[in-house]
Amino acid sequence: MAIGPIAVTGSIATDHLMHFPGRFRDHLIAEQLDRLSLSFLVDDLEIRRGGVAANIAFSLGVLGKRPVLVGAVGADFADYRSWLERHGVDCGGVLTVGGAHTPRFTCTTDDDQCQIASFYPGAMASSGSIDLAPILASRGVALVLVGASAPEAMLAHTAQAHRLGVAVAADPSQQLPRLDRDDCRALVEGAAYLFTNEYEWELLVRRTGWSEREITERVGLRITTLGAKGARIMGRDGAEIRVDAVPAREILDPTGVGDAFRAGFLAGVDSGLPVEHAAQLASLIATAVLESVGSQEWELTARNGEERLSDAYGPASAAAIGPYLRAVLA
């Protein structure tokens, strides 16, 4: 079932990605965690475009959709805006805040793909002032993905979308530690799609105070990514779909993999693919990001995509998804 035009709200940031040649766990002393003070000497630094909303919008744009990006940035956003627009993203919902910096994400990844990160919000603090109504109306938006942003913006945009009768995809992700019970419940209640990874799902259950079943009954589809184990999709009726991950040929950086999955899934559903095939497409795009450095540097051809889908899921899946890939990828 097609979704229609999609708006993506959330963070827009610059990513500073570093690699620690070792394992964080080897340097953590359980008895001393209350006095933790560590510095990791890294051997690499990559400065890339990022942010939850921008990553999702980028991949949706590459996949032939024309998403509307909604978020707040600083005056240093001009080059980034041009990049996104060249890749099919409508930046008409982006607010530029004078005197503020575009948010910055700083992340160190170890050899186990574990990450320690920090996020400077900068201009994102003003994102709650963005009025969705004229943006959604002028573009006929049918779904608003509410991604991690300033908590007040996430709550405001969720409430606005519901009030305007526009479907919501809830993706609270990194902001869960900052949200209280009522906030989490407000973001989840009535969502057409609920996206989390495995850890975030467990945290969300604790934060809401609802059981797994109670949350699932309050949303249309619950999509939980499981890293290398793929993804699990639960319907309100309790029906479950499990999809394996597309095996990575080379792992370079996990940053943005979940964002890519979300984009691939929504693009697939909007293009009329059944949920299982949409999740397989999502896994393919997620793996393409895993095999690149930076969340918006992935490349994939239709032929290569079909081959990898066939290897991972069989010829029938490749045949079902292939026409879509050939229509949107060179």
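See the structure above.
Here we summarise the structure given alongside this text. Here the structure is a predicted model, which is why all the values come from computation and not from measurement.

Structural notes on the side chain of Ser283
Here comes step 1: Examined against the element boundaries, Ser283 turns out to sit in helix 9 (residues 275-290).
Here comes step 2: Apart from the residues lying within four places of it in its own chain, the contact partners of Ser283 are Val243, Asp244, Ala245, Val246, Phe261 and Tyr313.

So, unusual backbone geometry
Here comes step 1: Not every positive phi belongs to a glycine, and Gln113 is a case in point at roughly 65 degrees.
Here comes step 2: Mapped onto the elements, Gln113 comes out in the loop between strand 6 (104-109) and strand 7 (115-120).
Here comes step 3: Residue classification places Gln113 among the partly exposed positions, given a relative accessible area of 30%.
Here comes step 4: Despite not being glycine, Ser173 has its phi angle at roughly 35 degrees, a positive value.

Thoughts on the environment of Ala137
Here comes step 1: Along the chain, Ala137 falls in helix 3 (residues 132-139).
Here comes step 2: Between the alpha carbons of Ala137 and Glu299 there is a distance of 33 Å; along the sequence they are 162 residues apart.

Some details on the sheet that holds strand 6
Here comes step 1: What the 4 strands build is an open sheet, ordered 3-2-6-7; its pairing is mixed. If you trace the sheet from one side to the other, it starts and ends with strand 3 (45-50) and strand 7, each paired once. Pairs of neighbouring strands in the sheet enclose a mean axial angle of 20 degrees, with direction left out of account.
Here comes step 2: Where strand 2 (residues 13-19) and strand 6 come together, 6 bridges link them in parallel fashion. Note that in strand 6 the partner of His16 across the bridge is Thr106.

Thresholds, definitions, all that
- What you see as residue numbers is a count from 1 along each chain, following the sequence as written.
- Since the coordinates come from a predicted model, pLDDT governs what is reported: local features require at least 70, and pairs of side-chain atoms require 80 or more to be given and counted, while whole-chain, interface and lining totals use all residues.
- Each side-chain value is worked out from all heavy atoms of the structure, with water and hydrogens disregarded.
- Helix and strand definitions here come from DSSP, where helices need a minimum of 4 consecutive H or I residues and strands a minimum of 2 consecutive E residues; each element is numbered from the N-terminal end.
- Any two residues having at least one pair of non-hydrogen atoms within 4.5 Å are treated as being in contact.
- Each residue is assigned to one of three classes by its accessible area relative to the maximum for its type, calculated with a 1.4 Å probe on protein chains only: buried under 20%, partly exposed between the two thresholds, exposed over 50%.
- Think of it this way: DSSP has to see at least two bridges between two strands before they count as a pair.
- The axes used here are C-alpha line fits, helices contributing only the stretch in contact, and every angle between their N-to-C directions lies in the interval 0 to 180 degrees.

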